[in-house]
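Structure at a glance
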Amino acid sequence: MPKRTYPQRSRRRKKKGGRFWALLIIFAVIGLGMFLSAHKKEHPEETWPDVIADVMPAPVREEVRKALPEPVKEKIREIKKEEKQEIRKEKAKETEKEKEAEKGTTKPSSPEQGTAPAPSGGDELPGLPAGQFSGRLAVVVDDCGYQLDPLRTLTGLPIPMTYAIIPFKPNSSAALSIIKGSGRTAMLHLPMEPLSGGSSESRSIQVGMTKQQIQDFTREALDSLPGVEGVNNHQGSAATSNGPTVRAMLEVLKGRGLFFVDSRTSAGSVAEENARSLGVPTSHNALFLDNSSDIDDIEAQIVKAVKAADRSGSAVVICHARPNTAAAWQRCWRAVLRSGITLVPVTELLH
């Protein structure tokens, strides 16, 4: 007896079978997605095909890929593209960091390079109320080349002081490097004969020298500190009071296009007037700030300097690269700026 066929039942079985495989693929895709997500957290450098290769045989992997709906395939392609872009970005960042390290582009922290963080100063100073003054004040720091620590402190402050370097000292070149590295103006602090007779320096310009000797010494001192922009006298109350002596020195400065600041160690100095007659840019010291080494006394002199600049419209003053002087400026630089006075390099007050 022939076997009966039931076409409708067969179609139902086929339909159920199709649904089964569709659901199986969907669950496989969902499970695979969850696995990939978890795996990526632990292995961010791997892309999704790498992961599939680890957990599926190649034939099965290909079948799964073929069976995936087109939107799913497109989504996977987008994910793959994003992953590759992220990897490229990370590699570029690492390469850039390596290049910076090789070039040494990290910011220096040494005061010689002018990057020392500025110490905090007080906002007020007795006798110096905020906003009550005007005018320009140039501060020249003498005796650079002896102690380097005070110089580092002063060049680390955010104020444009001018620095005068003693020549022929063990620290003279180091001082020049610190000053130039901080972007400040450097000068030669030229030793000259004082009225007391003996200079504190083993070599200096003496009144009894010939013109040639004076000029040779001046050139030698300048050449020892390449890049200085001007000169002021170290001691020199006798030499700066002698016209021929000071004029011989000034002729060298004129030939090199340098300026001269008269430290005014003597009321009888003729240095500034001779500089003017020769056409050498010049100015003069109005006040020494640290004849006393007491910090409070130095601060009191700084207040006087601000008031002198306010009265005259401008003033040049001198201090020294000494520990207590540096400490005084650390304490009061902010109060000086808040007073309304403008601190400038000495080059802005030449005439």
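What comes next concerns the included structure. (Residues numbered from 1 in each chain as written. Predicted model: local features only at pLDDT ≥ 70, side-chain atom pairs only at ≥ 80, totals over all residues. Heavy atoms only, no water.)

Going through the model one piece at a time under the given rule, you end up with 1 aromatic pair. Judged by centre distance (6.0 Å) and plane angle (55°), the ring pair of F168 and F217 falls under tilted. One end of the pair, F168, is in the loop between β2 (162-165) and α6 (172-181); the other, F217, is in helix α7 (residues 211-223), and 49 residues separate them in sequence. Note on F168: relative accessible area 33%, which makes it partly exposed. Look at F217 and you get buried, because its relative accessible area is 6%. Above the plane of the ring of F168 lies R203, whose end atom (NZ or CZ) is 4.8 Å from the centre. (Phe/Tyr/Trp six-rings, centres within 6.5 Å; stacked < 30°, edge-to-face > 60°. Helix = DSSP H or I, 4+ residues; strand = E, 2+ residues; numbered from the N terminus. Buried < 20%, exposed > 50% of the residue type's maximum accessible area, 1.4 Å probe, protein only. Lys NZ or Arg CZ within 6 Å of the ring centre and 35° of its normal.)

Attention now goes to the packing of helix α10 (residues 295-312) against helix α11 (residues 323-338). Interhelical geometry of α10 versus α11 gives an angle of 45° and a closest axis separation of 9 Å. Taken together, the axis directions place α10 and α11 in an arrangement best described as oblique. Two packed elements cross with a definite hand, and for α10 against α11 that hand is right-handed. The segment α10 lies against α11, with I295, D296, I298, E299, I302 and V306 engaging N324, T325, A327, A328, W329, R331, C332 and V336. Looking at the contact of α10 with α11 residue by residue, the class counts come to 9 nonpolar, 2 polar and 3 charged. (Axes fitted to C-alpha atoms, helices over the stretch in contact; angles between N-to-C directions. Parallel < 35°, antiparallel > 145°, perpendicular 65-115°, else oblique. Left-handed = near helix turned anticlockwise from the far one by under 90°. Contact = heavy atoms within 4.5 Å. Nonpolar A, V, L, I, M, F, W, Y, C, P; charged D, E, K, R; others polar.)

Turning our eyes to something else, we now look at α10. Every α-helical turn comprises 3.6 residues, leaving residues that sit three or four positions apart pointing alike. With 18 residues, α10 extends 26 Å between its outermost C-alpha atoms, agreeing within 8% with the 26 Å of an ideal straight helix rising 1.5 Å per residue. Among all positions of α10, only I298, E299, Q301, I302, V303, A305, V306, A308 and A309 are buried. Looking at the buried residues of α10, the elements they touch are β1 (136-144), β7 (287-288), β8 (314-320) and α11. Where α10 starts, the residue carrying a side-chain oxygen 3.1 Å from the main-chain nitrogen of D296 turns out to be D294. (Expected span 1.5 Å × (residues − 1). Polar contact = N/O pair within 3.5 Å; in protein donor to acceptor, adjacent residues only side chain to side chain.)

This part takes up unusual backbone geometry. Even without being glycine, Q235 reaches a positive phi, approximately 60°. Locating Q235 in the fold gives a position in strand β4 (residues 230-235). Backbone geometry at R264 places phi at a positive 55°, although glycine is not the residue there. Along the chain, R264 falls in the loop between β5 (259-262) and α9 (271-278).

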